[in-house]
Amino acid sequence: MACLLEAPLRISVLSEVTATSRHYVDRLFDPDPQKVLQGVIDMKNAVIGNNKQKANLIVLGAVPRLLYLLQQGSSSSELRAECAVVLGSLAMGTENNIKSLVDCHIIPALLQGLLCPDLIFIEACLRCLRTVFISPVTPVQLLYTDPTVIPHLMSLLSRSQRTQEYITQIFSHCCKTPEHQTVLFNHGAIQNIAPLLISPSYKVRMQALKCFSVLAYENTQVSMTLVNVLVDEELLSQVFVRMMQRDQPIDMQLTAAKCLTYMCRAGAIRTDDSCIVLKTLPCLVRMCSKERLLEERVEGAETLAYLMEPDVELQRIASVTDHLVAMLADYFKYPSSVSAITDIKRITETENMMDRIVSGLSESSVKVRLAAVRCLHSLSRSVQQLRTSFHDHAVWKPLMKLLQNAPDEVLVMASSTLCNLLLEFSPSKEPILESGVIELLCSLTQSDSPALRVNGIWALMNMAFQADQKVKGEIVRALGTEQLFRLLSDPDSNVLMKTLGLLRNLLSTRPHIDQVMSSHGKQIMQAVTLILEGEHSIEVKEQTLCILANIADGNTAKELIMTNDDILQKIKYYMAHSNVKLQLAATFCISNLIWNEEDGSQERQDKLRELGFVDILHKLTQASDPNLCDRAKTAMQQYLA
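Fair warning: this is a prediction, and the values are worked out from it, not measured in the lab.

Helix and strand content of the protein chain: 42 helices and two strands. The C-alpha radius of gyration of the protein chain comes to 27 Å, within 12% of the 26 Å expected for a compact globule of 641 residues. Along the longest, intermediate and shortest principal axes, the C-alpha atoms of the protein chain span 75 × 70 × 65 Å. Expressed as a percentage of its 641 residues, the buried residues of the protein chain come to 53%. On the protein chain, roughly 30100 Å² of surface is accessible, and the fraction owed to carbon and sulfur atoms is 53%. One way to put it: in the protein chain the 61 positive side-chain charges average out to a point 2 Å from where the 69 negative ones average out.

Let us look at unusual backbone geometry. Phi is positive for His105, which is not a glycine, with a value near 65°. Mapped onto the elements, His105 comes out in the loop between helix 7 (95-103) and helix 8 (106-113). Note on His105: relative accessible area 40%, which makes it partly exposed. In this structure, Gln466 is a non-glycine residue whose phi angle is positive, near 55°.

Quick look at the pattern of salt bridges now. A side chain of one charge can pair with a side chain of the opposite charge if their charged atoms are brought near each other. What the rule picks out here adds up to 18 salt bridges. Here Glu82 ties to Lys44 by a salt bridge, and the two come within 3.0 Å at their closest N and O atoms. Separated by 38 residues along the polypeptide, Glu82 in helix 6 (residues 77-91) and Lys44 in helix 3 (residues 33-47) bring together distant segments of the chain. Lys258 is the salt-bridge partner of Glu299, the closest N and O atoms lying 2.4 Å from each other. Of the two residues, Glu299 sits in helix 19 (residues 294-308) while Lys258 sits in helix 17 (residues 250-265), which places them 41 residues apart along the sequence. Residue Glu299 is classed as partly exposed on the basis of its relative accessible area, which comes to 30%. The class for Lys258 is buried, based on a relative accessible area of 16%. Where salt bridges share partners, they join Glu533, Asp566 and Lys570 into one cluster.

Structurally, Asp272 can be placed in the loop between helix 17 and helix 18 (274-287). For the pair Asp272 and Leu314, spaced 42 residues apart in the sequence, the C-alpha separation amounts to 8.2 Å. Only 2.8 Å separates the side chain of Asp272 from the side chain of Arg270, close enough to count as a polar contact.

It is worth spelling out helix 9 (residues 119-133) at this point. Over its 15 residues, helix 9 runs 21 Å from end to end, which matches the ideal 21 Å to within 8%, given 1.5 Å per residue. Within helix 9, 13 of the 15 residues are buried, leaving the element largely enclosed by the surrounding structure.

Where helix 36 (residues 538-552) contacts helix 39 (residues 580-593), the two axes come as close as 8 Å, and the packing angle between them is 10°. Overall, the two elements helix 36 and helix 39 adopt an arrangement that is roughly parallel. Across the interface between the two elements, Ile538, Lys541, Glu542, Leu545, Cys546, Leu548, Ala549 and Ala552 from helix 36 touch Lys581, Leu582, Ala585, Ala586, Phe588, Cys589, Asn592 and Leu593 from helix 39. Along the lines of polarity and charge, the residues of the contact of helix 36 with helix 39 split into twelve nonpolar, one polar and three charged.

Counted under the stated rule, the structure contains five aromatic pairs. Note on Tyr217 and Tyr262: the rings are 4.9 Å apart at their centroids and 70° apart in plane angle, and the pair reads as edge-to-face. A residue pair is termed long-range when its members are at least 10 positions apart, and Tyr217 in the loop between helix 14 (202-216) and helix 15 (220-226) and Tyr262 in helix 17 qualify at 45 residues. Seen from their ring centres, Tyr262 and Tyr306 are 5.8 Å apart, and the 75° between their planes marks the pair as edge-to-face. Residue Tyr262 is located in helix 17, and its partner Tyr306 is located in helix 19; the two are separated by 44 residues in the primary sequence. Residue Tyr262 shares its accessibility class with Tyr306, and that shared class is buried. Through successive ring pairs, a cluster of aromatic residues spans Tyr217, Tyr262 and Tyr306. The residue whose ring lies beneath Lys498 is Trp458, and the NZ or CZ to ring-centre distance is 4.3 Å.

With that out of the way, let us pick up empty space enclosed by the protein. Under the definition given, this model contains one cavity of 30 Å³ or more. Each pocket or cavity is described by its volume, and for the largest cavity that value is around 30 Å³. If you go around the largest cavity, the residues you meet are Ile475, Val476, Leu479, Gly480, Thr481, Leu484 and Leu506. For the lining of the largest cavity, the element with the most residues is helix 32 (residues 469-479), which contributes three residues. Taken together, the residues that form the lining of the largest cavity break down as five nonpolar, two polar and no charged.

Below, the discussion takes up the UniProt feature "repeat: ARM" (unreviewed entry) in the protein chain. Following the UniProt record, one finds the feature "repeat: ARM" (unreviewed entry) at residues 61-97 and 479-521. Segment residues 61-97 splits into 76% helix and 0% strand. End C-alpha atoms: 12 Å apart. Its end C-alpha atoms 16 Å apart, residues 479-521 is made of 79% helix and 0% strand.

It is worth spelling out the confidence of the model for the protein chain at this point. Of the residues in the protein chain, 91% have a pLDDT of 70 or more, and the chain-wide mean is 86. Residue range residues 331-345 is modelled with pLDDT below 50. Its contacts to residues more than four positions away, or to other chains, number ten contacts. Contacts for the low-pLDDT stretch residues 347-351, under 50 throughout, to residues beyond four places or in other chains number six contacts.

Looking at the element boundaries, Thr445 is found in the loop between helix 30 (437-444) and helix 31 (450-464). Assessed through its relative accessible area of 1%, Thr445 is described here as buried. The contacts of Thr445, once residues within four sequence positions are left out, are Arg453, Gly456, Ile457, Leu460, Leu479, Gln483 and Leu487.

If you look at the biggest cluster of nonpolar residues, it comprises 118 residues, and the most contacted ones within it are Leu66, Leu87, Leu143, Phe171, Phe212 and Phe240. Once residues lying within four places of it in the same chain are set aside, the contact partners of Phe240 are Leu197, Leu209, Phe212, Ala256, Cys259, Leu260 and Met263. Counting residues in each nonpolar core, the second largest holds 100 residues, with Trp396, Ala464, Leu496 and Leu507 among its members.

Criteria and cut-off values
- Residues numbered from 1 in each chain as written.
- Predicted model: local features only at pLDDT ≥ 70, side-chain atom pairs only at ≥ 80, totals over all residues.
- Heavy atoms only, no water.
- Helix = DSSP H or I, 4+ residues; strand = E, 2+ residues; numbered from the N terminus.
- Rg over C-alpha atoms; globule rule 2.2 N^0.38 Å.
- Buried < 20%, exposed > 50% of the residue type's maximum accessible area, 1.4 Å probe, protein only.
- Areas by Shrake-Rupley, 256 points an atom, 1.4 Å probe, with all protein chains shown as cover.
- Lys, Arg positive; Asp, Glu negative; His and termini not counted.
- Charge placed at Lys NZ, Arg CZ, Asp CG, Glu CD.
- Salt bridge = Lys/Arg side-chain N within 4 Å of Asp/Glu carboxyl O.
- Polar contact = N/O pair within 3.5 Å; in protein donor to acceptor, adjacent residues only side chain to side chain.
- Expected span 1.5 Å × (residues − 1).
- Axes fitted to C-alpha atoms, helices over the stretch in contact; angles between N-to-C directions.
- Parallel < 35°, antiparallel > 145°, perpendicular 65-115°, else oblique.
- Contact = heavy atoms within 4.5 Å.
- Nonpolar A, V, L, I, M, F, W, Y, C, P; charged D, E, K, R; others polar.
- Phe/Tyr/Trp six-rings, centres within 6.5 Å; stacked < 30°, edge-to-face > 60°.
- Lys NZ or Arg CZ within 6 Å of the ring centre and 35° of its normal.
- 1 Å grid on protein atoms, 1.4 Å probe; cavity = no way out; pocket = protein on both sides within 12 Å on 5 of 7 lines; lining within 4 Å.
- Points joined across faces, edges and corners; volume = space filled by probe spheres on them.
- UniProt positions renumbered as here; feature names shortened; annotations may be inferred.
- pLDDT = per-residue confidence, 0-100.
- Core = buried A, V, L, I, M, F, W, Y, C linked by side-chain atoms within 4.5 Å.

Structure, rendered in C-alpha cells:
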C-alpha cells in the first residue's frame with residue numbers, strides 16, 4: 001500500500017528534497033537486481049545519523065518500495081535483509097518517521113518476514129520491529145492482533161543471541177496491560193525467557209530481566225509462578241539476588257530489585273524474607289545515594305516506596321539504613337527530572353552561548369582556552385549539536401587554528417573534539433578535509449604524548465571511513481608507510497587499536513582493498529603476522545583478523561593470503577581458539593576466501609580442504625555460540641553448493 005501525504009504538505013516538503021534523495025529512490029526500481037541491492041546499501045549508508053535525508057526518502061515514497069522488495073520471494077536474502085536494515089534506520093529518526101512507517105503497514109510486513117528461514121533476515125526484521133515498538137507513538141496492540149505472532153516469537157528465541165535480545169526487548173516494551181501479561185504468560189514466556197538470565201550476553205540478560213519486571217508488576221499469577229522457577233538448578237529469586245550484587249551494572253541491580261519488589265507486593269515473597277530485608281531493600285537504598293545519577297535516584301526511591309508502602313517494619317528498617325532519610329531530604333535540592341532535561345536542551349540555545357565559547361578559544365589565558373575547548377568537546381558528543389550549532393558557527397575553523405599552536409593539554413582536548421567533527425554524519429567533515437588537515441593529523445601521530453598519537457590516528461580513522469580512494473590515497477601518502485608500520489608496533493595499546501581501525505577503513509570496498517594491497521601488501525602482511533604472533537589483547541587480535549577478512553574479500557588481494565602458508569596456519573589456529581570473537585573473525589576470513597561466486601574459488605577451496613580447514617569448519621557447525629555456528633554453516637555451504 002502506498003504511503004501518501006496530502007498535496008499541499010507534499011509540495012512544501014518536496015521543495016527541500018535534494019536530487020540525491022530522488023536518485024536513491026530511483027535506483028530501487030532498476031531492473032538489475034544487483035544494482036537494486038547496491039542502491040539499498042548506498043541508501044543505508046546515506047541515512048545514518050541524517051534525519052533530513054530520512055524524512056526526504058520517506059516523502060519520496062522509499063518505504064512502500066522497500067517493503068515491496070522485502071516481501072518479494074524473488075528478492076535475494078541479502079536484498080531483503082538490507083531493506084529491513086534501511087527501514088530500521090528510518091525508524092530511528094523522528095516520531096513522524098515512525099508514524100509514516102506504521103501507516104505503510106511496516107509491522108505486518110516485518111512480522112511476515114519472520115517466517116523466512118534465513119537467520120540474518122530474521123534478525124534484521126526483529127531489529128527493525130524492536131526500533132518501531134519502543135517508540136511511544138507505536139500502538140503496542142499491533143503485536144497482539146494476529147494470535148500466531150507471540151508463539152512464533154517464542155519459537156525464535158532459540159535461534160541466536162540477537163533474536164533473544166530483540167524479542168525480549170519487544171516483549172518488555174509491549175507488555176502494558178494485565179491482558180498482555182496473560183497472553184505472554186499463556187504462551188510460555190516464563191519458561192522460554194528464564195534461561196536467558198544466565199546468557200553470556202549482558203544485553204540478553206538485561207532484556208530478559210526487564211521482561212520479568214513488567215510481567216510480574218501487580219500480577220499475582222506470574223509472581224507465584226516465578227517464585228518456583230529454577231534456572232540451572234537455582235531458584236529464580238536467587239538469580240535476581242545475584243544480579244543485585246554491587247559488582248553488577250546499576251541498571252541490572254535496579255531492575256532485579258524491581259522484580260523482587262513486585263513479587264513481594266504480589267504476595268509471592270514474604271516481607272520478612274531475607275532476600276527482601278537483607279538484599280532488595282539495601283540495594284534500593286543504595287540507589288538513593290547522591291553518588292547515583294538523578295534518574296537512578298528517582299527510580300530507586302519510587303521502587304523503594306512501593307516496596308515498603310504496606311509494611312511498617314520495612315519502613316522502620318529502611319529509615320535506619322545508610323542515612324536514607326538524609327539522602328531523601330537531598331532530593332528537594334534537585335529540579336524535577338522533566339525540567340532538568342529541558343534545561344540541558346536549552347544550554348546551547350542560550351543567547352550567544354556558542355559564540356562566547358568559540359571566542360574563548362582565542363583568549364590569551366590557557367585556562368580559558370582549555371575551558372572553552374572542554375565545553376566544545378562535551379557538546380561534540382551530541383549528533384544534534386554536530387549537525388546544527390557546530391555547523392552554523394563553523395566551529396572547525398577556530399579549532400583548527402588552535403591546533404596549530406597550543407600547550408599539550410589544550411591540544412589533547414582540541415584534537416579529541418576534532419575526532420568527533422570528522423565523524424561520517426558531521427557536516428563539518430567536508431570543509432575540514434578541504435582545509436588540508438591531513439598533514440596536521442599525521443604530525444600528531446609522531447608526538448611523544450600517547451594521547452595526541454591516539455587522537456591523531458583516531459581522526460584519520462574517522463576520515464577514512466567510507467571515504468573515496470582520493471582521500472584514502474592522501475592519508476597513506478601523508479602518513480607514510482614507515483610511520484604507519486611504526487604505529488602498528490606502538491607500545492600504547494590504544495594507538496595500536498586505532499591504527500588497526502585506520503587500516504581496516506583503508507581496506508574497505510574491493511577496488512580500494514586491491515589498490516592498497518598492490519602497493520603495500522608485503523608490509524601489511526608482515527605487520528599482521530607480527531601482531532598475531534605477539535602478546536596482544538583479544539581485542540587487538542580480533543581487529544587484526546578482521547583486517548585479514550577484508551583482504552580476503554579483495555579480488556586480487558586474497559592471493560596474498562592464499563600464497564602465505566604461515567598466515568593460513570595462523571588463521572587455522574585462531575579458528576580453534578578458546579575465544580569466540582577470535583574464532584568468528586578467523587572463520588569470516590575463510591568464508592571470504594572460499595566464496596563460490598568468485599573467480600578461482602574452486603582452487604582455493606581445494607587447497608584449504610587439503611590444509612584441514614573443512615574439518616575445523618565441520619566442528620564449528622556444532623559450536624555452542626549461535627553466531628559462530630551460523631558463520632561456520634554459511635562457509636560449509638560454499639563447499640556443498
